[in-house]
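Listed below, chain by chain, are the residues.
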Amino acid sequence: MNILITGANRGLGLGFVRHYLQQGHSVWACCRIVSDDLINLGAANLHTVQWDISADDGPLGSLPDKIDLLINNAGIYGPGKDGQSLNKVTSDVMLDVFNVDCIGPLRVVQKLHERVIAGQGIIANVSSKMGSSADNGSGGTYAYRAAKAALVIVSKSMAVDLAPFGVHVITLHPGWVQTDMTHQTGLIDVTTSVAGMVQVITDARDYMGGQFVAFDGKVVPY
Ligand SMILES: NC(=O)c1ccc[n+]([C@@H]2O[C@H](COP(=O)([O-])OP(=O)(O)OC[C@H]3O[C@@H](n4cnc5c(N)ncnc54)[C@H](OP(=O)(O)O)[C@@H]3O)[C@@H](O)[C@H]2O)c1
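Residues numbered from 1 in each chain as written. Predicted model: local features only at pLDDT ≥ 70, side-chain atom pairs only at ≥ 80, totals over all residues.

### Some points on the overall build of the chain
Note the cut-off: Helix numbering and strand numbering both begin at the N terminus, where a helix is a DSSP run of H or I of at least 4 residues and a strand a DSSP run of E of at least 2. Our radius of gyration is a C-alpha quantity, and the globule rule it is checked against amounts to 2.2 Å times the number of residues to the power 0.38. Exposure classification rests on a simple neighbour count of other C-beta atoms within 10 Å of a residue's own: a residue reaching 20 or more is buried, one at 12 or fewer is exposed, and one in between is partly exposed. C-beta atoms are placed from the backbone. Working definition of a contact: two residues with C-beta atoms, positioned from the backbone, lying within 7 Å.
If you tally the helices and strands in the chain, you get five helices and seven strands. Going from N to C terminus, the chain has its helices and strands arranged as β-α-β-α-β-β-α-β-α-β-α-β. The C-alpha atoms of the chain give a radius of gyration of 16 Å, which matches the 17 Å a tight globule of 222 residues would have. Projecting the C-alpha coordinates of the chain onto the three principal axes gives extents of approximately 50 × 40 × 35 Å. Residue burial in the chain is summarised as follows: out of 222 residues, 45% are buried. Put simply, of all contacts in the chain between residues at least 6 apart along the chain, 64% involve residues at least 24 apart.

### Regarding the site of the ligand
Threshold: Here is the check we use: build the C-beta atom from the backbone, and if it is within 6 Å of the molecule or strand, call the residue near.
Close to the ligand lie 28 residues; G7, G11, A74, G75 and T179 are nearest. Ranked by the residues each element gives to the shell around the ligand, the list is headed by helix α1 (residues 11–22), at three residues.

### Considerations on the packing of helix α3 (residues 91–118) against helix α4 (residues 142–162)
We count it as follows: Here the axes come from fitting lines to C-alpha atoms, over the contacting stretch only for helices, and the angles between their N-to-C directions go from 0 to 180 degrees. The cut-offs work like this: below 35 degrees is roughly parallel, past 145 is roughly antiparallel, 65 to 115 is roughly perpendicular, and the gaps in between are oblique. Put simply, a crossing is left-handed when the front helix is turned counterclockwise from the back one by less than a right angle, and right-handed when it is turned clockwise. Nonpolar residues are Ala, Val, Leu, Ile, Met, Phe, Trp, Tyr, Cys and Pro. Charged residues are Asp, Glu, Lys and Arg, and all others, Gly as well, are polar.
Contact geometry of α3 with α4 gives a least axis separation of 7 Å together with a crossing angle of 20 degrees. Compared by their axis directions, α3 and α4 come out roughly parallel. Considering the relative orientation of α3 and α4, their crossing is right-handed. Touching V93, M94, V97, F98, D101, C102, P105, L106, V109 and H113 of α3 are Y142, A143, Y144, A146, A147, K148, A150, L151, V154, M158 and L162, all from α4. Of the residues belonging to the contact of α3 with α4, the class tally is 18 nonpolar, one polar and two charged.

### A few points about unusual backbone geometry
In this structure, H183 takes a positive phi of about 55 degrees despite not being glycine. Looking at the secondary structure, you find H183 in the loop between β6 (168–173) and α5 (190–202). In this structure, Q184 takes a positive phi of about 60 degrees despite not being glycine.

What follows is the structure, encoded as structure tokens:
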């Protein structure tokens, strides 16, 4: 398969790259700055592409004509919890996080959907349970929650719009994972989260288009 992953230089993105390379697939690893960890994978079937998804500029680097799987993984949390409290969150913070976490994946799909149609492929958008209203019992974290909630509905629209062209879209929740985003405080490691999400992606067409699914295969109410 031809697989394109954003935010591929560290964390979950790097975990996806490592997994799919080991399975023998061709991987286009998109990131702002290529990391040593990515380079050191040293695989012949690895292609690196420079892509900052916060801007409308296109990617720098060659892309495959046909994409079988696109994983919109790149994202930011924004300021720590207190910086996103009711009293402290600013307009700039709200807009910055929304720009990367919601508009970023939309930009990527706008640029690539013809290639995913050519591959009759899957698009997996990585959101977060933090974007689920049903799961929000603790409030706060305005920017991240709002951007990830918006990504869920954007992902659903993509699912509806692209289904007639043979493309299936799902939305993922990785669990609470030990990465830089959580300051390594998650409940599970990257390997466990990625293995679970890969299984959900493999079974993607068993889920409704746009359905929000956690790494353990459970549907997330939103
Ligand atoms: N970890 C968790 O517990 C958890 C839970 C729920 C959802 N998620 C979601 O899972 C995804 C991956 O998170 P992670 O835990 O692996 O976080 P991470 O370790 O902080 O990695 C984030 C990745 O996104 C990239 N990125 C950020 N802004 C970007 C931009 N403007 N353009 C391109 N790439 C950009 C980063 O690249 P740079 O190195 O250039 O910054 C990095 O590769 C995110 O969407 C996150 O919201 C994570």
